[in-house]
Amino acid sequence: MTASDTKTVGQRVKELRRTAGMSQSDLAAAMGRSESWVSQVERGVQPVERLSVLQALADALNVPVRDLRPDAAAPVEEAEPEEQTKSNDLDGLRVALTGHPALGSLFQQPLTEPTPSLADFRHQVDEAWTLVHASSYAALSDHIAKLLPSIETAVRHAPAGDRMELHALRAKAYQVAAASFTRQDQADAAWVAADRALQAAELAGQPLEVVASLFRMAHAFMRQQHMDQAEQAAQSAAAVMGPRTETPACPPEELSLFGAMNLVLAVINAREGNRGRTHEHIERARGVAARLGEDRNDFDTEFGPTNVEIHAVSTAVELGDAGLALEVAKHVDASGLSPERQSRFLLDVARAHAQRRHVGEATAALMEAETLAPEQIHDHHLAREVIRDLIQLSDPRVPESLRNLAERSAVI
């Protein structure tokens, strides 16, 4: 073994960065990470186990991935765009979000069909959230692409006594859209939807719905790698709600939102490589969940003790603490949550196993997740990353089940 082979990944990153004439800030910007994350990688504080992260580092430094880790497998050749025949499940919804939602109403055009009742709109919004929690995005797109123009038109023609509730339902509908776009990696559309939700919630006089809209907005910013904006959205809400939740009479719905915001802040800090603040927010969320004493679904956040532990697994994976993630996961029973939450939990378990190079266990977790929510596993960027990592780890003897999953996900 040569002296070069004994170097750590962090030492190689530091040398290659300097050779490229890049500062830590330059590399952080190229990676979509914080400067402190780069510093921690170079000092060996932040482990880099996932091959997808190694590949991203190599791309940013303009070197082969094996210059960072000599034992890394050759990169997986991804399918060409024209070979990826899957259409985007939310194309119809994206079109519905474009332009003014009810332009004809501004020109006093007569209504061409009867306006649904408030009860009908309530049912349609509830149905939309059911589809989100099932990760049924193709069906959701058709459903909400019709709902949004209808409710936008209705709120402009409704009697004054109905408008407040219509605004509240409109906020919930746009939150559905924001959550879906974020999970389908369309963060720009998610941002637009979350902003419209926020405005509608304020017109409805519903401050907690405003906070719920900020929750969706923070997720959109995270997906865009705008961590400072994500943290601002989440922290601004947490700062206002924190003192209110300290009173014994604080309603459970408000506690749920505060807990959910702390989970968002935990994820943000985990992606920034800040262990201390990540664990601080997880512990705060645990305390809130303990006060609630049960899994709830206020504002469709699914906040409760189980979701806190799911986030503890997810943030441990983000920090490279695969052992901790798998230890916490042993005690999680997510069967009472939605298919989306169960599937995402299994995806994080798979990511943790991949960090430990457990190809069989990771593949099994992904297959179970696919059974629960196939659209999420086929389309989620993290699922695609871990599938590529597993193929690289198992090359040249890629298990048939893993190869088939990669084909269904258009990874190869």
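Residues numbered from 1 in each chain as written. Predicted model: local features only at pLDDT ≥ 70, side-chain atom pairs only at ≥ 80, totals over all residues. Heavy atoms only, no water.

J.: Would you take a moment to explain the side chain of S338 for this structure?
T.: Relative to the helices and strands, S338 resides in the loop between α16 (322-329) and α17 (339-355). Once you skip the residues sitting within four places of it in the chain, S338 turns out to touch H133 and E302. (Helix = DSSP H or I, 4+ residues; strand = E, 2+ residues; numbered from the N terminus. Contact = heavy atoms within 4.5 Å.)

J.: I'm lost on the confidence of the model for the protein chain in this one. Help?
T.: Low pLDDT means the predicted atomic positions in that stretch should not be read closely. For the protein chain, mean pLDDT is 89; residues scoring 70 or higher make up 94% of the total. In the model, residues 81-87 has pLDDT below 50 throughout and makes six contacts with residues more than four positions away in sequence or in other chains. (pLDDT = per-residue confidence, 0-100.)

J.: I tried to follow the environment of A200 on my own but got confused; where do I start?
T.: Mapped onto the secondary structure, A200 falls in helix α10 (residues 187-203). Separated by 67 residues in the primary sequence, A200 and H133 place their C-alpha atoms 22 Å from one another. In this view, A200 contacts H167, R170 and A171; residues no more than four positions away in its chain are not counted.

J.: What's the story with the packing of helix α11 (residues 207-223) against helix α13 (residues 252-271) in this structure? I'm lost.
T.: Packed helices, taken two at a time, are described by the angle their axes make and the gap between the axes. Contact pair α11 / α13: the axes reach a minimum separation of 11 Å and the direction vectors enclose 15°. Accordingly, the angle class assigned to the pair α11 and α13 is roughly parallel. Here α11 and α13 pass one another in a crossing that is left-handed. For the pair formed by α11 and α13, the contact residues are L208, V211, A212, L214, F215, A218, H219 and M222 on the first element and E254, L257, A260, M261, V264, V267, I268 and R271 on the second. Of the residues assigned to the contact of α11 with α13, the class counts are 13 nonpolar, one polar and two charged. (Axes fitted to C-alpha atoms, helices over the stretch in contact; angles between N-to-C directions. Parallel < 35°, antiparallel > 145°, perpendicular 65-115°, else oblique. Left-handed = near helix turned anticlockwise from the far one by under 90°. Nonpolar A, V, L, I, M, F, W, Y, C, P; charged D, E, K, R; others polar.)

J.: I would appreciate a short explanation of the side chain of R170 in the present structure.
T.: Tracing the sequence through the fold places R170 in helix α9 (residues 160-183). Here H167 takes part through its side chain, which lies 2.9 Å from a polar atom of the side chain of R170. With sequence-adjacent residues up to four places away left out, R170 is seen in contact with I151, E152, V155, A200 and L203. (Polar contact = N/O pair within 3.5 Å; in protein donor to acceptor, adjacent residues only side chain to side chain.)

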